[in-house]
Amino acid sequence: MKHLLLALVALSSLTQAHAAERALTVTAVGDLMLGSTWGGNYMPPEGANVLLAPAKATLRRGDVVFGNLEGVLLDQGGTAKTPLPGETYFVFRSPTRFAEAFRNAGFNLMSIANNHSSDLGALGRKSTMDALDRVGIPYSGLLDGPKPWAIMQANGRSVGLLAFATEKEAHDLRNIPRAVQLVKELDRLVDIVIVSFHGGAEGPRAQRVPKKIEMFEGLSRGDVHAFSRAVVDAGADLVLGHSPHVVRAMELYKGRLIAYSLGNFATYRRFNLTGPNGLAPLLETELAADGAFVRGKIHSFKQISPGGPKPDPTNAAAKKARELSALDFPGGKLRIAEDGTLTAK
């Protein structure tokens, strides 16, 4: 009996060690736009690598490192997107060499689905995808991309990304039945499914998750709450939101983490970084072998004009996510400490 007990203890230890090896760490941020050459010189004088340097060590803690590329990677040319009547619209054209800066910082998975992904038409979209292909960063989001999703290998598991937005050139988050279909298809191909979305209204007045269709400048930006829960129901293991340019709540739904907005993270000029727009959370989360949330941490950074993330010892981003999560999901199953630690209740 003693030998049997020892064998069982040894087996349990091996099982726990194997489970630990299979744990997947994801680090994720919101909008990235490291400088633009459109309409003037809006470029960081010390370069894109320097802009990302303060966050590099934390980003690289992830097996998967995700961000939303706001704008296009294009060295010259292109036809600017025409703004709608009454719309104020900025065009973001970043040099293709910035793809290398993303890779150097640790990014290995990207969304290119957002309201700036077609700033310079089909030429801009193709140049962006070519630049990411050259440095080996998988991406998802555009209808004219090679595949609906991106698939990568990380810590012994296959990870897939589906990115959505509300633009005609992107996978449409407003078409929830189609989104559900795509997630189910991807779930059959990979171990872990990550869904990102660029949706919801924008600015300081859009910090709450309204649980209904949101309008911005006369256009539908989708019901991000209904969308997020629907894709989890379909098999998504982690849902990452961006677009509002501010931090929003997080919740645990069926054991899966949903971050409704990770805000701006690394932008240079052309972005309003005052007040809540300057909060720049960096989400780190550990997923079990089946994709369930294990634990996490919101690392608080802050952007001050002209931009670029800097560590924030006051933990303002984490505190804001904590406050908003309590307001929008009272009685929820996610606990957020003031220092940004995430645990399940």
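Residues numbered from 1 in each chain as written. Predicted model: local features only at pLDDT ≥ 70, side-chain atom pairs only at ≥ 80, totals over all residues. Heavy atoms only, no water.

J.: Hey, could you run me through the packing of helix α2 (residues 48–59) against helix α3 (residues 98–105) in this one?
T.: Packed helices, taken two at a time, are described by the angle between their axes plus the distance between the axes. The interhelical angle for the contact between α2 and α3, taken along N-to-C directions, is 25°, at an axis separation of 8 Å. Put simply, α2 runs roughly parallel to α3. The two elements α2 and α3 cross, and the hand of that crossing is right-handed. Mapping the contact onto sequence places Ala48, Asn49, Leu52, Lys56 and Leu59 in α2 and Phe98, Ala101, Phe102, Asn104 and Ala105 in α3. In terms of residue class, the contact of α2 with α3 is made up of 7 nonpolar, 2 polar and 1 charged. (Axes fitted to C-alpha atoms, helices over the stretch in contact; angles between N-to-C directions. Helix = DSSP H or I, 4+ residues; strand = E, 2+ residues; numbered from the N terminus. Parallel < 35°, antiparallel > 145°, perpendicular 65-115°, else oblique. Left-handed = near helix turned anticlockwise from the far one by under 90°. Contact = heavy atoms within 4.5 Å. Nonpolar A, V, L, I, M, F, W, Y, C, P; charged D, E, K, R; others polar.)

J.: So what exactly am I meant to see when it comes to the side chain of Ser127 here?
T.: Looking at where Ser127 falls in the secondary structure, it is placed in helix α4 (residues 121–135). Overall, the relative accessible area of 13% leaves Ser127 in the buried class. (Buried < 20%, exposed > 50% of the residue type's maximum accessible area, 1.4 Å probe, protein only.)

J.: Honestly, empty space enclosed by the protein in this entry has me stumped. Any pointers?
T.: Over the atoms, a rolled probe matching the size of one water molecule traces out where space is still vacant. Counted according to the given criterion, the structure contains 1 cavity of 30 Å³ or more. Lining the largest cavity are Ile112, Met129, Tyr139, Ser140, Gly141, Leu142, Gly145, Pro146 and Lys147. Classifying every residue of the lining of the largest cavity gives 5 nonpolar, 3 polar and 1 charged. (1 Å grid on protein atoms, 1.4 Å probe; cavity = no way out; pocket = protein on both sides within 12 Å on 5 of 7 lines; lining within 4 Å. Points joined across faces, edges and corners; volume = space filled by probe spheres on them.)

J.: Looking at this structure, I do not really get the layout of surface pockets. What am I missing?
T.: Taken as a whole, the largest pocket holds about 780 Å³ of empty space. As for the largest pocket, its lining consists of 31 residues, of which Tyr89, Asn115, His116, Glu202 and Arg221 are closest to the centre. Along the wall of the second largest pocket there are 14 residues; nearest its centre are Ser325, Ala326, Leu334, Arg335 and Lys345. Every element with two or more residues in the lining of the second largest pocket is listed here: β13 (250–253), α7 (316–328) and β19 (334–336). Looking at the lining of the second largest pocket residue by residue, the class counts come to 6 nonpolar, 3 polar and 5 charged.

J.: Looking at this structure, how should I read α3?
T.: Since the α-helix turns once every 3.6 residues, residues separated by three or four places project in the same direction. Along α3, the residues classified as buried are Phe98, Ala99, Ala101, Phe102 and Ala105. One side of α3 carries all its buried residues, which in axial view fall inside an arc of 160°. Residue Gly106 follows α3 closely and has a positive phi angle near 115°. (Arc of directions from axis to C-beta.)

J.: Even after reading the chapter, I still don't get the sheet that holds strand β9 (residues 192–198), so can you show me in this structure?
T.: One key point about sheets: their strands pair by backbone hydrogen bonds, in either a parallel or an antiparallel sense. Strands sit in the order β7-β8-β9-β12-β14-β13 across an open sheet of 6 strands; the sheet is mixed. The open sheet has two free edges, formed respectively by β7 (150–154) and β13, since each of these has just one partner strand. When the angles between neighbouring strand axes are averaged without regard to direction, this sheet yields 20°. Where strand β8 (residues 157–164) lies against β9, 6 bridges are found, and the strand directions are parallel. Bridging across to β9, Ala163 finds its partner in Ser196. Seen against the sheet, helix α5 (residues 176–187) touches β7, β8 and β9 and runs at an angle of roughly 165° to β8. (Pairing = 2+ DSSP bridges.)

J.: Explain α7 here, please?
T.: With 13 residues, α7 extends 18 Å between its outermost C-alpha atoms, agreeing within 8% with the 18 Å of an ideal straight helix rising 1.5 Å per residue. Listing the buried residues of α7 in full gives Ala316, Ala317, Ala318, Ala321, Leu324, Ser325 and Asp328. Looking at the buried residues of α7, the elements they touch are β13, β16 (279–287), β17 (293–303) and β19. (Expected span 1.5 Å × (residues − 1).)

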